[in-house]
Amino acid sequence: MRKRTLLLLLPGLLLAACDSAPDDSDTETVKQRLIGTWLREYDEQGAHVRRVLVLEADGKFREMSTVAAPDNPDKVKSQGTGQWLFDGTNLKRHYASLNGKPISAPTLPFVTFQVSFPSRSEFVGVDHVHKLEVHYERVIEGTEP
């Protein structure tokens, strides 16, 4: 009889254990996964763009980019810096400077993307406000744009 009672209670106990209060472990896992160097390449209006995004463990980021236009042999380079965080759904970046100069109005210094990971070496970000989807792939530290 005791065995039978235990067998009847066991599934309920297992379900109760699965229904425990959520914690931040998933958010922290994703945050740790985002730390590193990421590359995004795309073509826009006939120009080839390379962006290298470095997300540091201390919440700082650097984004370096080059734009190569087919009619101009000189690449246009830029660099932005600021703070980043992952809120459990979105990767949020607040730009503090662009090309070494503080950002001021009317420039919007915030970027927010809902993040998903199609594989261990890439992530997709979706900006629902601007209807934009971006793809980044993990690259080695020191990669240049």
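Quick note: structure is the one above.
Residues numbered from 1 in each chain as written. Predicted model: local features only at pLDDT ≥ 70, side-chain atom pairs only at ≥ 80, totals over all residues. Heavy atoms only, no water.

Visitor: So what's going on with the packing of aromatic side chains? Residues and values would help.
Guide: Counting across every chain of the model gives four aromatic pairs. On the basis of an interplanar angle of 85 degrees and a centroid distance of 4.9 Å, the ring pair of F61 and Y95 is categorised as edge-to-face. Residue F61 is located in strand β3 (residues 60-68), and its partner Y95 is located in strand β5 (residues 90-98); the two are separated by 34 residues in the primary sequence. Of the two residues examined, F61 and Y95, each falls in the buried class. Positioned above the aromatic ring of F117, the side-chain terminus of R33 is 4.0 Å from the ring centre. Stacked on the ring of F61, the Lys or Arg R93 has its end atom at 5.6 Å from the ring centre. (Phe/Tyr/Trp six-rings, centres within 6.5 Å; stacked < 30°, edge-to-face > 60°. Helix = DSSP H or I, 4+ residues; strand = E, 2+ residues; numbered from the N terminus. Buried < 20%, exposed > 50% of the residue type's maximum accessible area, 1.4 Å probe, protein only. Lys NZ or Arg CZ within 6 Å of the ring centre and 35° of its normal.)

Visitor: Go over the nonpolar core with me, naming the residues and quoting the values.
Guide: L34, L55, W84, L91 and F123 are the most contacted members of the largest nonpolar core, which has 16 residues in total. For this core, the elements supplying multiple residues, two or more each, are α2 (25-34), β2 (47-55), β4 (76-86), β5, β7 (110-119) and β9 (132-139). The leading source of residues in this core is β7, at three residues. Once residues within four sequence positions are removed from consideration, L91 is found in contact with L34, L55, W84, L85, F86, V111, T112, F113, V115 and F123. In terms of nonpolar packing, the next biggest core, distinct from the first, is built from five residues, L39, V52, M64 and V139 among them. (Core = buried A, V, L, I, M, F, W, Y, C linked by side-chain atoms within 4.5 Å. Contact = heavy atoms within 4.5 Å.)

Limitation: the analysis is restricted to geometry and does not speak to function.
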